[in-house]
Amino acid sequence: MSTLPATSQHAVVTIPTLSARAVLPWLAFAGLLMLVAMYFISAEQGATSLLSGTAVHEWVHDGRHLLGFPCH
Ligand SMILES: [Zn+2]
């Protein structure tokens, strides 16, 4: 004895297809974000410095050591 309506017992699920052309810009954008994050974790206020002070260095300091980048 089912309480569901008859139409919901056999729902059809369609999985959308993604083409490489549709995904490529998002992959490039994600790669760019990762490169920027990697720059700030690895080199900013260490080997190079675009921003003054030590706030970025202190904020990513544990990640820098965790990933094995030279620090101090
Ligand atoms: Zn350190």
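Residues numbered from 1 in each chain as written. Predicted model: local features only at pLDDT ≥ 70, side-chain atom pairs only at ≥ 80, totals over all residues. Heavy atoms only, no water.

Q: Whenever I open this one, the overall build of the protein confuses me. Can you help?
A: Helices and strands together make up the secondary structure of the protein, namely three helices and zero strands. Listing each helix as α and each strand as β along the protein from the N terminus yields α-α-α. Buried positions account for 12% of the 72 residues belonging to the protein. Of the contacts made within the protein by residues no fewer than 6 positions apart, 11% connect residues no fewer than 24 positions apart. Summing over all exposed atoms, the protein offers an accessible surface of approximately 6,400 Å²; the carbon and sulfur share of this is 71%. (Helix = DSSP H or I, 4+ residues; strand = E, 2+ residues; numbered from the N terminus. Buried < 20%, exposed > 50% of the residue type's maximum accessible area, 1.4 Å probe, protein only. Contact = heavy atoms within 4.5 Å. Areas by Shrake-Rupley, 256 points an atom, 1.4 Å probe, with all protein chains shown as cover.)

Q: Which parts of the structure should I look at to understand the packing of aromatic side chains?
A: Any aromatic ring pair is given by two values, namely how distant the centres are and how the planes are angled relative to each other. All told, the structure shown has two aromatic pairs when counted by the stated rule. With centroids separated by 6.5 Å and ring planes inclined at 85°, the aromatic side chains of Trp26 and Phe29 adopt a geometry described as edge-to-face. Within this pair, Trp26 and its partner Phe29 are both found in helix α1 (residues 20-42), separated by three residues, close to a single helical turn. Here Trp26 falls in the exposed class, since its relative accessible area comes to 62%. (Phe/Tyr/Trp six-rings, centres within 6.5 Å; stacked < 30°, edge-to-face > 60°.)

Q: For this particular structure, what's the right way to read the UniProt feature "transmembrane region" (unreviewed entry) in the protein?
A: Using the residue numbers shown here, the UniProt feature "transmembrane region" (unreviewed entry) corresponds to residues 23-41. Between the end C-alpha atoms of residues 23-41 there is a gap of 27 Å, over a span that is 100% helix and 0% strand. (UniProt positions renumbered as here; feature names shortened; annotations may be inferred.)

Q: Explanation requested: the confidence of the model for the protein in the structure shown.
A: Low pLDDT marks stretches whose predicted atomic positions should not be read closely. Overall, the predicted model of the protein reaches an average pLDDT of 86, with 89% of residues at or above 70. When the elements of the protein are averaged for pLDDT, helix α2 (residues 55-59) gives the smallest value, 90, and α1 the largest, 94. (pLDDT = per-residue confidence, 0-100.)

Q: Help me out: how do you make sense of the side chain of Glu44 in this one?
A: As for its position among the elements, Glu44 is in the loop between α1 and α2. One buried charge, Glu44, has no salt-bridge partner; the nearest side chain with opposite charge is Arg64, at 7.3 Å. Setting aside residues up to four positions removed in sequence, Glu44 forms contacts with Tyr39, Ser49, Leu50, Leu51, Val56 and Arg64. (Lys, Arg positive; Asp, Glu negative; His and termini not counted. Salt bridge = Lys/Arg side-chain N within 4 Å of Asp/Glu carboxyl O.)

Q: Help me understand the side chain of His57 in this model?
A: In this fold, His57 is placed in helix α2. In this structure, His57 is in contact with Gln45, Arg64 and Cys71, ignoring residues within four places of it in sequence.

Q: Sorry if this is basic, but what is going on with the environment of Gly63 here?
A: Topologically, Gly63 is positioned in helix α3 (residues 61-66). For Gly63, a relative accessible area of 27% gives the class partly exposed. Considered as a pair, Gly63 and Ser42 are 21 residues apart in the sequence and their alpha carbons are 8.6 Å apart.

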